[in-house]
Amino acid sequence: MSSFAELVRAHTDLDDDDVAWLQLLQADWQIIADLSFADLVLWLPDRTGSGFWAGGQMRPTTAPTAYVDDVLGDFAAAGSRPLLDRAHAEGRLVREGDPEWRDDVPVRVETIPVRRRGRVVAVVARNTNLLGVRTPSRLELAYLQSAADLTRMIAQGHFPPPGQRSDHADSPRVGDGFVRVDPSGRVVYASPNAQSVFRRLGLSGDLAGHVLPDLTRSLVPPRRRVDEETLSAVMGGRVHRDTELSGDGVALIARSIPLRSDREHLGALVLVRDVTDLRRRDRELITKDATIREIHHRVKNNLQTVAALLRLQARRIGSPEAREALEEAVRRVGSIAIVHETLSQAVEEDVDFDEIADRLGQMVTEVSAAPGRVRVRREGAFGRLPSESATALSMVLTEVLQNAVEHGYDAGVDDAREGTVTVRVQRPGSSLHLTVDDDGHGLPAGFDLAGSTSLGLSIVRTLVESELGGHLALGQVPHGPGTRVDIDLPLD
């Protein structure tokens, strides 16, 4: 199935401004579909004049669909759908004709020219499923009248309005709460859901007859309002935008869609949605996020305290082997503390592991037996990793870097030797490939990973193979001295 952008490029002469206009229309046409109780299809004229391409489709949430299958990417040859041809050629709404039958369903089709700066750049077909059509209620009549006003605005080039769309991801829809106001901002009709929203704010009685901006001011305390100009413009239906208001324990979003003709302002649709529960859940999530970050911060502090105690103990032990073992424990605890410190500063439960890897490399070289003689550099990016994987991988990387620095550049062998440990990272597909190369002395003769008794290598093997579900290999660096560690990890 072709996308809107692909169809435009392949089959039409629409310029960038035309495309932007049509995208603005599609951003708002769910409202028109719901008010019309009809499916909308955006038809794009082929550059050769041979017909139209279906560039977009929207089904209503208020009525049964007229299309069982998607039509995006379909082609209608010139003459096969006369209503499309006439709307495009004559630049007017076309409603004439008998219903079409699709899958034993009668469908009334109307076509609306999409005008921009005096040119018809596309045609919207409105397709109404006529099964079960009955005498419309007052609510349905208000919907249909508003839909008629909006379709005339499309044909006259007044809709969609230019500018940025709503900033709210939970912007209200027609079914959330529908209010029709006249040019002075007085409520002509309000749906039952809209009545319920305002009654939660404290309204007693009906909305009809009230001047909506004045009523809203009386229900919403001044400290909880947006600025007065925005409140008047949105609730009075003078601008196409939305705003959020809150009373005592109640929050709502109001969205205004001004209606106009060529000669006058007709009033507006004001859609309202009660978002009290959504905002409560948002606050709960914010509190949980803050609590989780605080827990990571305290774990980091506790780990640093443990590391400090181990460091003090190491200074008081006379045995070099015991001191070295405690110092290794300090480094292992420190690597975990770095992960928790990073998580305490992050909003998400995953971390930027590049920062952690760079800090681990710096930590290992600073506390090694050869500080300043060996540097660690990174090629490639780890990217963001889940916290569970980050903790285990940080310990693995610490042990591998520690082994490279301590054993690859043994000061007892060559006091003046300098070197570089290179960490290379690749993320092909859903996996991570890590290679750590040093240019040190290399592995001892006859080294066997399976038979090694090194605690550090035992930790690395356990974490890579059991905790992370990956694969570990050690060997010589190809074409030179030094040791290579290869680690492959799945990321899913």
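So, how was this worked out
Residues numbered from 1 in each chain as written. Predicted model: local features only at pLDDT ≥ 70, side-chain atom pairs only at ≥ 80, totals over all residues. Heavy atoms only, no water. Helix = DSSP H or I, 4+ residues; strand = E, 2+ residues; numbered from the N terminus. Rg over C-alpha atoms; globule rule 2.2 N^0.38 Å. Buried < 20%, exposed > 50% of the residue type's maximum accessible area, 1.4 Å probe, protein only. Contact = heavy atoms within 4.5 Å. Areas by Shrake-Rupley, 256 points an atom, 1.4 Å probe, with all protein chains shown as cover. Lys, Arg positive; Asp, Glu negative; His and termini not counted. Charge placed at Lys NZ, Arg CZ, Asp CG, Glu CD. Arc of directions from axis to C-beta. Pairing = 2+ DSSP bridges. Axes fitted to C-alpha atoms, helices over the stretch in contact; angles between N-to-C directions. Phe/Tyr/Trp six-rings, centres within 6.5 Å; stacked < 30°, edge-to-face > 60°.

(A) Examining the overall build of the protein more closely. Broken down by element type, the protein carries twelve helices and 18 strands. At 34 Å, the protein has a C-alpha radius of gyration far larger than the 23 Å of a compact globule built from 492 residues. For the protein, the spread of C-alpha atoms along the principal axes amounts to about 95 × 60 × 40 Å. The buried share of the protein, reckoned over its 492 residues, is 48%. A separation of at least 24 residues holds for 59% of the contacts in the protein among residues at least 6 apart in sequence. Within the structure as shown, the protein displays about 24000 Å² of accessible surface, and the carbon and sulfur contribution to it stands at 50%. Here the protein carries 58 positive and 73 negative side-chain charges, and the mean point of each set is 7 Å from the other.

(B) Structural detail: helix α12 (residues 455-467). Among the residues of α12, Gly456, Leu457, Ile459, Val460, Leu463 and Val464 are the ones counted as buried. One face of α12 carries all of its buried residues, which in axial projection span an arc of 160°. Opposite the buried face of α12, at more than 90 degrees from it, the exposed residues are Leu455 and Ser466. A positive backbone phi angle near 65° is found at Gly469, which sits one or two residues after α12.

(C) Up close: helix α5 (residues 192-201). Among the residues of α5, those classed as buried are Ala194, Gln195, Val197, Phe198 and Leu201. Down the axis of α5, the buried side of the element spans an arc of 160°, and every buried residue falls inside it. Buried residues belonging to α5 abut β7 (178-181), β8 (187-190), α6 (212-219), α7 (228-235), β10 (251-260) and β11 (265-274). Where α5 ends, the next residue or the one after it, Gly202, has phi of about 125°, a positive value.

(D) Spotlight on the sheet that holds β7. The strand order across the open sheet built from five strands is β8-β7-β11-β10-β9, with neighbouring strands paired in antiparallel fashion. Lying at the two open borders of the sheet, with one neighbouring strand each, are β8 and β9 (241-246). Across the sheet, the axes of successive neighbouring strands diverge by a mean angle of 25°, strand direction being ignored. With nine bridges joining them, β10 and β11 adopt antiparallel strand pairing. Each residue of the ladder has a partner; that of Leu259, found in β11, is Gly267. Relative to β10, helix α2 (residues 16-36) is tilted by about 80°, and along the sheet it contacts β7, β10 and β11.

(E) Quick peek at the packing of aromatic side chains. The tally for this structure, following the rule as stated, stands at five aromatic pairs. Relative to Phe75, the ring of Trp53 lies with its centre 4.6 Å away and its plane at 45°, an arrangement referred to as tilted. Placement of Trp53 in strand β2 (residues 51-58) and of Phe75 in strand β3 (residues 75-77) is noted, with a sequence separation of 22 residues between them. Its relative accessible area of 16% is what places Trp53 among the buried residues. On the basis of an interplanar angle of 50° and a centroid distance of 6.3 Å, the ring pair of Phe178 and Tyr189 is categorised as tilted. Here Phe178, found in strand β7, pairs with Tyr189, found in strand β8; they are eleven residues apart in sequence, far enough to count as distant. A single burial state applies to Phe178 and to Tyr189, both of which are buried. Site record: aromatic cluster; members linked through ring pairs are Phe37, Tyr143, Phe178 and Tyr189.

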